[in-house]
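Here are the chains, one letter per residue:
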Amino acid sequence: MAAPFAGTLQQLSVQRGGQVAAGAPLFALESENEIAARRQAEQQLHAAAARLENLKTGKRAPEVETVAEQLRQAMAARDLSAANLRRQESLAKSGFISPAALDDVRTRLRNDDAHVNELKASVATARQPGGRPDEIRAAESDANAAREAVAQADWRLSQRAVAAPSAARVSDTYFVVGDWVPAGGVVVSLLPASNVKIRFYVPEPILGRIKAGQAVSFACDGCGAPINATISFIADRAEYTPPFIYSKENRAKFVFLVEAKPSPADAVRLNPGQPVDVTLPK
């Protein structure tokens with residue numbers, strides 16, 4: 001069992017040789033940085049959601065009134081510019097002002113007209129309950145991106161603490177609290193009962209008697225009555241008798257590796273590396 005990210009081992013909840021239940025905590029790495037990143041992502045989500053909600057509800061009445069007042073002021077300024085233009089045109093006909101001065105007054109009136117039209121559009125938008133659709137779509141995209149950032153931060157934080165995927169024996173631990181664990185470094189190894197298997201060798205003359213799915217029985221010192229197991233694997237290549245099988249008459253013969261699995265209830269009674277005596281069916 002390993003964490004995908006590096007960090008200092010902050011907690012080791014199991015010991016070598018012990019048993020753990022499914023979902024039990026195994027170890028945890030320091031996670032201050034991931035917690036801070038999670039808080040930041042959550043705040044960004046709140047801000048994006050608030051902006052979206054504000055756009056959907058539209059501007060508040062005081063805000064609408066402020067824009068409307070700006071429009072009234074702009075219309076008054078435009079009326080003043082229009083009156084001023086009429087006076088300047090009369091003076092220009094009498095030759096009292098230059099054409100350039102008259103053009104300046106006309107330009108000012110056009111600017112005032114444009115400002116009034118702009119504020120009319122602003123008032124119309126402010127009075128719409130749903131705001132502008134394009135802004136709402138952009139705000140929805142921002143909110144969705146913020147939710148994904150929170151989900152990513154949650155996942156990274158969850159990877160700092162590792163739990164047992166199933167009930168198992170703790171085969172070994174490889175770090176102590178305070179050690180720096182590299183990314184992907186194995187901290188704990190587990191052996192679930194479903195992965196326990198009996199490994200034995202059979203000589204070629206009796207290989208034809210066995211097949212996958214067949215039942216065998218085996219015994220071991222201190223195990224009590226014989227235990228049943230089911231053959232799960234038969235090697236397709238012969239090999240020399242392993243040196244730990246001390247039998248002079250069979251030492252030079254070719255043998256085939258066979259694996260059989262006991263039931264999980266029987267598997268928890270066994271110890272890895274324990275010698276067994278296997279009895280094949282007749």
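Our structure is the block above this text.
All values derive from a computational prediction rather than experimental measurement.

Draft legend 1. Layout of the overall build of the protein chain. Scanning the protein chain from N- to C-terminus turns up five helices and 13 strands. For the protein chain, whose C-alpha radius of gyration is 41 Å, the value lies well above the compact-globule estimate of 19 Å for 282 residues. Principal axes of the C-alpha set define a box for the protein chain whose edges measure 135 × 40 × 30 Å. For the protein chain, with 282 residues in total, the buried portion stands at 32%. Sequence-distant contacts in the protein chain: of pairs separated by 6 or more residues, those separated by 24 or more amount to 72%. Accessible surface, the protein chain: about 17,600 Å² in total, of which carbon and sulfur atoms supply 54%. In the protein chain, the 34 positive side-chain charges and the 31 negative ones have mean positions that sit 3 Å from each other.

Draft legend 2. How the structure looks around the side chain of Arg169. When you line up the elements, Arg169 lands in strand S5 (residues 168-173). Buried and without a salt bridge, Arg169 has Asp172 as its closest oppositely charged side chain, separated by 12 Å. Within the local environment of Arg169, its side chain forms a polar contact with the side chain of Asn271, the two groups lying 3.5 Å apart. Residues in contact with Arg169, not counting those within four places in the same chain, are Gly17, Gly18, Gln19, Ser189, Leu190, Leu191, Val268, Leu270, Asn271 and Pro272.

Draft legend 3. Layout of the state of the cysteines. Using the criterion set out here, one finds one disulfide in the structure. Each sulfur of the disulfide joining Cys220 and Cys223 lies 1.5 Å from the other. Across the S-S bond linking Cys220 and Cys223, the dihedral sits near -90°, which makes this disulfide left-handed. Taking relative accessible area as the criterion, Cys223 reaches 10% and is therefore assigned buried.

Draft legend 4. Layout of the side chain of Asn84. Here Asn84 is to be found in helix H2 (residues 61-93). With residues up to four places along the chain from it excluded, the contact list for Asn84 reads Val105 and Arg108.

Draft legend 5. Looking closely at helix H4 (residues 133-158). The terminal C-alpha atoms of H4 lie 37 Å apart, and with 26 residues this matches the ideal 38 Å at 1.5 Å per residue to within 8%. Residues Ile136, Ala139, Ala143, Ala146, Val150 and Ala153 constitute the buried set of H4.

Draft legend 6. Local environment of the sheet that holds strand S2 (residues 19-20). Read across the open sheet, the three strands follow the order S2-S5-S7; overall the sheet is antiparallel. In the strand order of this sheet, the two ends are held by S2 and strand S7 (188-192), each with one partner.

Rules and cut-offs
Counting starts from 1 at the beginning of each chain's written sequence and moves along it residue by residue. A pLDDT threshold of at least 70 governs which residues receive local features in this predicted model, and a stricter bar of 80 or more applies before side-chain atom pairs are shown or counted, although totals over entire chains, interfaces and linings include all residues. In computing side-chain properties, one takes all heavy atoms of the structure into account and sets aside hydrogens as well as water. Per the convention used, a helix needs a DSSP run of H or I reaching at least four residues, while a strand needs a run of E reaching at least two, with both numbered from the N terminus. Put simply, the radius of gyration uses C-alpha atoms, and a globule should come to 2.2 Å times the residue count raised to 0.38. Partly exposed residues are those whose accessible area sits between 20% and 50% of the maximum for their type, while under 20% is buried and over 50% is exposed, using a 1.4 Å probe and protein chains only. Every residue pair with non-hydrogen atoms within 4.5 Å of one another is taken to be in contact. Residue-level accessible areas treat just the shown protein chains as cover; the underlying method is Shrake-Rupley with a 1.4 Å probe. All tallies of charge rest on Lys and Arg as positive and Asp and Glu as negative; His and the ends of each chain are not included. The atom standing in for a charge is NZ when the residue is Lys, CZ when it is Arg, CG when it is Asp and CD when it is Glu. Any carboxyl oxygen of Asp or Glu within 4 Å of a side-chain nitrogen of Lys or Arg constitutes a salt bridge here. Two N or O atoms form a polar contact when they lie within 3.5 Å of each other; inside protein one atom must be a possible hydrogen donor and the other a possible acceptor, and for residues adjacent in sequence the pair counts only when both atoms belong to side chains. In this description, a disulfide is simply a cysteine sulfur pair whose atoms lie within 2.5 Å. How far a helix is expected to stretch is found by multiplying one less than its residue total by 1.5 Å. Here, a strand pair is defined by DSSP locating no fewer than two bridges between the strands.

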